[in-house]
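Remarks on the overall topology
Listed below, chain by chain, are the residues.
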Amino acid sequence: MHEHTNIGVIKIDFPEKANALDMEGFKAIAAQINHYDNDPATRVIIIYGAGSNFCAGLDLKFFKEVVGHYQQLPPGKNNAFLHKTITEMQAAVNSISQSNTPVIVCVQGNCLGAGLDIVSACDYRIASEDAVFSIKEVDLGIVADLGSLQRLPAIIGEGRTRALAMSGRNFTAQEALTMGLLSEVVAIHELEDKALEIAENLCSKSPAALQGIKKVMNFSAGKTVEEGMSYTAAWNAAMMLSADLMEIQRALVEKRPPEFK
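A brief look at the structure comes next.

Taken together, the side chains of Glu129, Asp130, Glu190, Glu192 and Asp193 present a region of like negative charge at the surface. With respect to the element layout, aspartate 193 can be found in helix α8 (residues 191–203). What makes aspartate 193 partly exposed here is its relative accessible area of 48%.

Following this line, the structure appears as structure tokens:
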């Protein structure tokens, strides 16, 4: 990725294991999200994977270590340990959706299990033509627990999510585009440029408005239209008279692009 003062970049960088994640990998993503959220200069975040894959899911070595440690603990403590491990990984993925900053994810190669959990938590999802997706956890004998089963029904539909989660089958980038999981599919050599193009467009928008869109849509999930609209009215009443709005009005009068501080 090229450097851009307003674009934060998170690179999943374990290509020797197809970017499979252990606990440290999850925590590193959350730490970088928190860093960019606290950096006033950052307007948008891009997440991508090093090498030829986005993320092959949970690191199987880590998975075996967790299961092994679980089996050595006495009843009660083993369940508490496993619950704590799962919720820590969930918190890392949730940090993406809860971020105040728009998050773009660009996917190439394998995007399996936890990789798809991460993708489903992002705001803008693009992929290369070679991308392959799967809710893979059923083949490990577990229930996907990092957000796909909760987020995907609103994105691709409940029926599709159930079928994909129960079969664990791979589906292509073109299928993902048709389902509505992806916004765009491009050639592999165009993926980076497309992500930067989208990011630069978002950098030209009001940061306060982009944050508001995320907050309102996150709040509205699972609620009635009236509840969501009531929250939006309260948000705009509190935030509409912002410096961003004043700058947009000045820019319109002066016939120039707005410059947000």
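Further remarks concern the sheet that holds strand β2 (residues 44–49). If you walk across this open sheet you meet the five strands as β1-β2-β3-β5-β8, and the pairing is parallel. One side of each edge strand has no neighbouring strand; the edge strands of this open sheet are β1 (7–12) and β8 (184–186). Recorded for the sheet is a direction-independent mean angle of 20 degrees between the axes of neighbouring strands. Note that strand β3 (residues 103–107) and strand β5 (residues 124–128) share four bridges and pair parallel. Along β5, the bridge assignment pairs isoleucine 104 with tyrosine 124.

Time to look at the sheet that holds strand β4 (residues 110–112). Pairing between sheet strands relies on hydrogen bonds along the backbone, with the strands arranged either parallel or antiparallel. The three strands lie next to each other as β4-β6-β7, forming an open sheet whose pairing is mixed. Here the strands that pair on one side only, and so sit at the sheet edges, are β4 and β7 (171–172). Note that β4 and strand β6 (residues 132–134) share three bridges and pair parallel. Counterpart to leucine 112 in the pairing with β6 is serine 134.

Each value, and the rule that gives it
Residues numbered from 1 in each chain as written. Predicted model: local features only at pLDDT ≥ 70, side-chain atom pairs only at ≥ 80, totals over all residues. Heavy atoms only, no water. Patch = residues over 30% accessible without salt bridge, like charges linked within 9 Å, V, L, I, M, F, W, Y side chains within 5 Å. Areas by Shrake-Rupley, 256 points an atom, 1.4 Å probe, with all protein chains shown as cover. Salt bridge = Lys/Arg side-chain N within 4 Å of Asp/Glu carboxyl O. Lys, Arg positive; Asp, Glu negative; His and termini not counted. Charge placed at Lys NZ, Arg CZ, Asp CG, Glu CD. Helix = DSSP H or I, 4+ residues; strand = E, 2+ residues; numbered from the N terminus. Buried < 20%, exposed > 50% of the residue type's maximum accessible area, 1.4 Å probe, protein only. Pairing = 2+ DSSP bridges. Axes fitted to C-alpha atoms, helices over the stretch in contact; angles between N-to-C directions.

Interpretation in functional terms is not warranted from these geometric data alone.
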